[in-house]
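Okay, here's what each chain looks like letter by letter:
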Protein chains: 2
Amino acid sequence: MKNEPAVPPYHIASVDHALRLLLLLKTKPSIRVAEAADELDVARSTAHRLLAMLVYRGFAAQNPTTRAYHPGPVLIEVGMGALSKLDVRRKARPYLERLVATTGETASLQILEGNHVRFVDSVESANAVRVASRAGVSLPAHASSGGKVLLAGMSLEAVQRLYPHEKLEQVTEATNTDRSTLFEELAEARALGYSVNHGESEPGLVAVGVPLPDRTGIPVASLTIAGPTARMGPEGVNRAVEALREAAKELSESLYR
Amino acid sequence: MKNEPAVPPYHIASVDHALRLLLLLKTKPSIRVAEAADELDVARSTAHRLLAMLVYRGFAAQNPTTRAYHPGPVLIEVGMGALSKLDVRRKARPYLERLVATTGETASLQILEGNHVRFVDSVESANAVRVASRAGVSLPAHASSGGKVLLAGMSLEAVQRLYPHEKLEQVTEATNTDRSTLFEELAEARALGYSVNHGESEPGLVAVGVPLPDRTGIPVASLTIAGPTARMGPEGVNRAVEALREAAKELSESLYR
DNA sequence: CGGCTCATTCTTCATGGCGGAATCATAGCC
DNA sequence: GGCTATGATTCCGCCATGAAGAATGAGCCG
């Protein structure tokens, strides 16, 4: 479970209501005034005005027959726009394809979101037995190789803020659940320049990740190669590390031209 | 060209500022406090608090180095979801065309949105009497064959969350309105691998749906064939089931390359 | 170290956003 | 057609909130 973000010092209740409505529309494609009022714990007149604002700016649309509200085109547009502006995603695609061609395993690109990583793109291996695309999926950073290399590029203070408790979330039996052990793993990842995930996110899966730093040297994304245990022994891991290092170097250079 | 929407009678300025900020994040990869203040024509302290609210609810994230704000995980998630839909739609189109050619009835692709299904794409039958395209339309999942096969692929807990009440929405006289009966129907759909809708969404319409699973086996979309009662007797239904099964198998394999 | 620029925090107060009442719209029943 | 029930929408008065501006903080540069 992701950490609860800190409540801003000067909280704007009406804006918060509106954003929570957007979050509701994301999960419930149809919502009525009374329902919105219940969920937000506001008066129906308040809910009605908030929904009218979402409709006005295109974030919601009202079905004239049922009077229910649905996500509007602008919400999708903003999301698509946010994704298309992710420079790293667009430029990384050819490198993911190349990594798959070179190593025969599934290649992915991840970005850090709090103490999780999100797979923003994936190209699958052609092998019948392979790691499937996880594009869109979010995983705890400490339980993934792509996450660990991103955490390794941060200061100790920053990592402590993301992981305020000693106990970490367990994903599989192989997941490390001690923060102090995580710090050691991050130190190792920093030294090696890559990290390996031996079944920490899923049994039978081995993944290797390297960071993609920005101009300041701080990683903003990571590249990973993942395969089944049978093909990802020491030789497979080494081959993945080589291919990832080369791809990351060239991609980093192309990202900041 | 879309008309400018009417300004709501009770305009909420603070909510409007926040929504306009989201719109800015659609076109600019990142934005700074002063820039936001200029664009919204508010004080920098106001812009700062608005951005803090977007960060709080995940719509924006702040780069600790540059202090600029960029789209947050919620917007990335919305974008990934929309992109995923587009991808499935593009790949499914030839199969829908083939299904129409094979069965002579209208074929459609649906995705689950909460406890509704949305018709993402449709190819209409060439027969004069036919089920029209419902692309863009949203229907209760429990009242559609495409919806039922999607619900059948979910855990009981997940279905209970989507349907918290025993009473279900009635669409036609044929619609089942009991949740416990829905659970039985889902068990049947799970066993058969398909579901049939006899006039539950519209009188005179019969539809057959099969799931399109992703790599994890969980269905993310469904294919349906729909026709008028006169042509969709037991023989028509069986023909549809065969054609759908074949199409779904091939399409599933192609979706995740 | 001082100056500059932008970000962030704090304080005060005017008004914007709230809830509740009143009214409207629609569906269902007789 | 009239009535009732339910949910949506509009209106109004009030006060707590969200605004701006001042003060402070942070980082960079010469």
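Here is what the cut-offs are and how they apply
Residues numbered from 1 in each chain as written. Chains lettered and ligands numbered in written order. Predicted model: local features only at pLDDT ≥ 70, side-chain atom pairs only at ≥ 80, totals over all residues. Heavy atoms only, no water. Pairing = 2+ DSSP bridges. Helix = DSSP H or I, 4+ residues; strand = E, 2+ residues; numbered from the N terminus. Axes fitted to C-alpha atoms, helices over the stretch in contact; angles between N-to-C directions. Contact = heavy atoms within 4.5 Å. Domains from an automatic or database assignment. Buried area = accessible area lost by both parts, 1.4 Å probe. Salt bridge = Lys/Arg side-chain N within 4 Å of Asp/Glu carboxyl O. Polar contact = N/O pair within 3.5 Å; in protein donor to acceptor, adjacent residues only side chain to side chain. Nonpolar A, V, L, I, M, F, W, Y, C, P; charged D, E, K, R; others polar. Parallel < 35°, antiparallel > 145°, perpendicular 65-115°, else oblique. Buried < 20%, exposed > 50% of the residue type's maximum accessible area, 1.4 Å probe, protein only. Lys, Arg positive; Asp, Glu negative; His and termini not counted. UniProt positions renumbered as here; feature names shortened; annotations may be inferred. Near = heavy atom within 4 Å. Left-handed = near helix turned anticlockwise from the far one by under 90°.

Chain A goes by IclR family transcriptional regulator in an unreviewed UniProt entry, where it is assigned to Plantactinospora mayteni.

Q: Which residues make up the sheet that holds strand 5 (residues 138-140) of chain A, and what values do they have?
A: Reading across from one edge, 5-4-3-8-7-6 (chain A) is the order of the 6 strands in this open sheet, with antiparallel pairing throughout. Only two strands of the sheet have a single partner each, and these edge strands are strand 5 and strand 6 (195-198) of chain A. Taken over all neighbouring pairs, the strand axes of this sheet differ in orientation by 30° on average, direction set aside. By the bridge criterion, 7 bridges tie strand 3 (residues 106-113) of chain A to strand 4 (residues 116-123) of chain A in an arrangement that is antiparallel. Bridging across to strand 4 of chain A, L112 of chain A finds its partner in V117 of chain A. Helix-sheet contacts for helix 9 (residues 234-255) of chain A involve strand 6, strand 7 (205-213) and strand 8 (219-228) of chain A, and the interaxial angle to strand 7 of chain A is about 25°. Packing against the sheet, helix 4 (residues 73-103) of chain B makes contact with strand 3 and strand 4 of chain A, and its axis sits at approximately 25° to strand 4 of chain A.

Q: Account for the domain arrangement of chain A, naming residues and giving values.
A: Accessible area lost during the coming together of the parts is what is often quoted as the interface size. Domain assignment breaks chain A into domain 1 (13-81) and domain 2 (86-255). For domain 1 of chain A versus domain 2 of chain A, the separation of C-alpha centres amounts to 36 Å.

Q: Go over the interface of chain A and chain B with me, naming the residues and quoting the values.
A: Contacts between the two partners involve 52 residues from chain A and, on the opposite side, 44 residues from chain B. Interface area, chain A with chain B, both sides summed: about 4,600 Å², of which 75% is carbon and sulfur. Per-residue buried area on chain A facing chain B is highest for L19, M53 and Y56 of chain A; these three make up 13% of the total on that side. At the junction of chain A with chain B, the criterion picks out 5 salt bridges. Where chain A meets chain B, there are 6 residue pairs in polar contact (both at pLDDT 80 or more). For the side of chain A that touches chain B, the secondary-structure elements that each account for two or more residues are helix 1 (13-27), helix 3 (44-56), helix 4 (73-84), strand 3 and strand 4 of chain A. Partitioning the side of chain A that touches chain B into residue classes produces 32 nonpolar, 8 polar and 12 charged.

Q: Describe in detail the packing of helix 2 (residues 33-40) of chain A against helix 3 of chain A, supporting the description with residues and values.
A: All names here are of chain A. Where helix 2 meets helix 3, the axes come as close as 8 Å, and the angle between the chain directions of the two elements is 105°. Between helix 2 and helix 3, the interaxial angle falls into the category roughly perpendicular. When helix 2 is examined against helix 3, the residues V33, A34, A36, A37 and L40 are found in contact with a partner set consisting of R44, A47, H48, L50 and L51.

Q: Give me the lowdown on the side chain of R89 of chain A, citing residues and values where you can.
A: Mapped onto the secondary structure, R89 of chain A falls in helix 5 (residues 87-103). The side chain of R89 of chain A sits in the buried core without any salt bridge; D121 of chain A is the nearest counter-charge, 4.2 Å away.

Q: I'd love a proper account of the UniProt feature "domain: HTH iclR-type" (unreviewed entry) in chain A, names of residues and values included.
A: In this structure's numbering, the residues bearing the UniProt feature "domain: HTH iclR-type" (unreviewed entry) are residues 12-73 of chain A. Across residues 12-73 of chain A one finds 60% helix and 10% strand; the C-alpha atoms that close the span lie 25 Å apart.

Q: So, the protein's contact with DNA strand D: which residues are in play, and what are the values?
A: In the region of DNA strand D, 22 residues are neighbours, and H48 and Q62 of chain A together with S45, T46 and R49 of chain B sit closest. Each atom of DNA strand D within 4 Å of the protein belongs either to a base or to sugar and phosphate, the latter forming 67%. S14 of chain A places a polar main-chain atom, nitrogen or oxygen, 3.1 Å from a phosphate oxygen of DNA strand D. Between DNA strand D and R49 of chain B, the relevant distance is 2.9 Å, taken from a base nitrogen to a side-chain nitrogen or oxygen of the residue. Listing elements by their share of the surface near DNA strand D, those giving two or more residues are helix 1, helix 2 and helix 3 of chain A together with helix 1 (13-27) and helix 3 (44-56) of chain B. Split into classes, the residues belonging to the surface near DNA strand D amount to 8 nonpolar, 9 polar and 5 charged.

Q: An account of the packing of helix 1 of chain B against helix 3 of chain B is needed here, citing residue identities and associated values.
A: A pair of packed helices is captured by two measures, namely the crossing angle of their axes and the spacing between those axes. Residue and element names in this part refer to chain B. Helix 3 packs onto helix 1 with a crossing angle of 70° between their chain directions and a minimal axis gap of 10 Å. It follows from the interaxial angle that helix 1 and helix 3 lie roughly perpendicular. Our pair here, helix 1 against helix 3, has a crossing hand that is right-handed. Here S14, H17, A18, L21, L22 and L25 of helix 1 lie close against helix 3, whose contacting residues are L50, L51 and L54.

Q: An account of the protein's contact with DNA strand C is requested, with residue identities and associated values reported.
A: Around DNA strand C lies a shell of 22 residues, among which S45, T46 and R49 of chain A together with R44 and H48 of chain B are the nearest. Between DNA strand C and the protein, one listed contact pairs a phosphate oxygen with a backbone N or O atom of A13 of chain B at 3.0 Å. Within the contact set of DNA strand C, a phosphate oxygen lies 2.8 Å away from a backbone nitrogen or oxygen of A34 of chain B. A breakdown of the residues in the surface near DNA strand C according to their chemical character gives 8 nonpolar, 9 polar and 5 charged.

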